[in-house]
Amino acid sequence: LPEARSFRGAVLVNHRCWADFIIDPCQAHAAVVARVAAVAVCLLASLLGLGSDRIIMIVRGKTSRLELMRKCAAYNRFIMYPEGTRRASA
């Protein structure tokens, strides 16, 4: 995506499969916000992402929004996979 290089901010992407963590950051020229559990599951892709400083790791329920904003501010573009909220059932 040539026009992606001039964009600054969050890129919202629909999560389709585990290969997204390799393909989407390359196409959007962006870092990706990912849970620690997802990073652990995607072994080789995670090593490549960590080595190229393209992964912004968060811990669900522990990483504050302020901390996430601070981490994302270090990048021109970052990918987020909006999946809704998780709440305890009533």
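Scroll up to find the structure.
Residues numbered from 1 in each chain as written. Predicted model: local features only at pLDDT ≥ 70, side-chain atom pairs only at ≥ 80, totals over all residues. Heavy atoms only, no water.

Colleague: In this structure, what is going on with unusual backbone geometry? I would like to understand it.
Modeller: Excluding glycine, most residues fall at negative phi; most peptide bonds, likewise, are trans. Its identity as a non-glycine residue notwithstanding, histidine 29 has a phi of 50°, on the positive side. Mapped onto the secondary structure, histidine 29 falls in the loop between helix H1 (20–28) and strand E2 (31–35). (Helix = DSSP H or I, 4+ residues; strand = E, 2+ residues; numbered from the N terminus.)

Colleague: Please clarify how a nonpolar patch on the surface should be interpreted in this entry.
Modeller: A contiguous nonpolar patch, built from Val36, Leu50, Met57 and Val59 and spanning about 290 Å² of accessible area, is present on the exposed surface. Position of valine 59 relative to the elements: it lies in the loop between strand E3 (55–58) and helix H4 (65–72). Classification of valine 59 as partly exposed rests on a relative accessible area of 38%. (Patch = residues over 30% accessible without salt bridge, like charges linked within 9 Å, V, L, I, M, F, W, Y side chains within 5 Å. Areas by Shrake-Rupley, 256 points an atom, 1.4 Å probe, with all protein chains shown as cover. Salt bridge = Lys/Arg side-chain N within 4 Å of Asp/Glu carboxyl O. Buried < 20%, exposed > 50% of the residue type's maximum accessible area, 1.4 Å probe, protein only.)

Colleague: What exactly am I supposed to notice about the pattern of salt bridges here?
Modeller: When the charged atoms of two side chains with opposite charge come close together, those side chains can pair. Under the defined criterion, the tally for this structure stands at three salt bridges. Its salt-bridge partner being aspartate 24, residue arginine 16 comes within 2.9 Å of it at the nearest N-O pair. A residue is classified by how much of its surface remains accessible, and aspartate 24, at 5% relative accessible area, is buried. In this structure, glutamate 67 and lysine 71 form a salt bridge, with 3.8 Å as the shortest nitrogen-oxygen distance. In this pair, glutamate 67 and lysine 71 are both assigned in helix H4, four residues apart and thus about one turn of the helix distant. Where salt bridges share partners, they join Arg16, Asp20 and Asp24 into one cluster.

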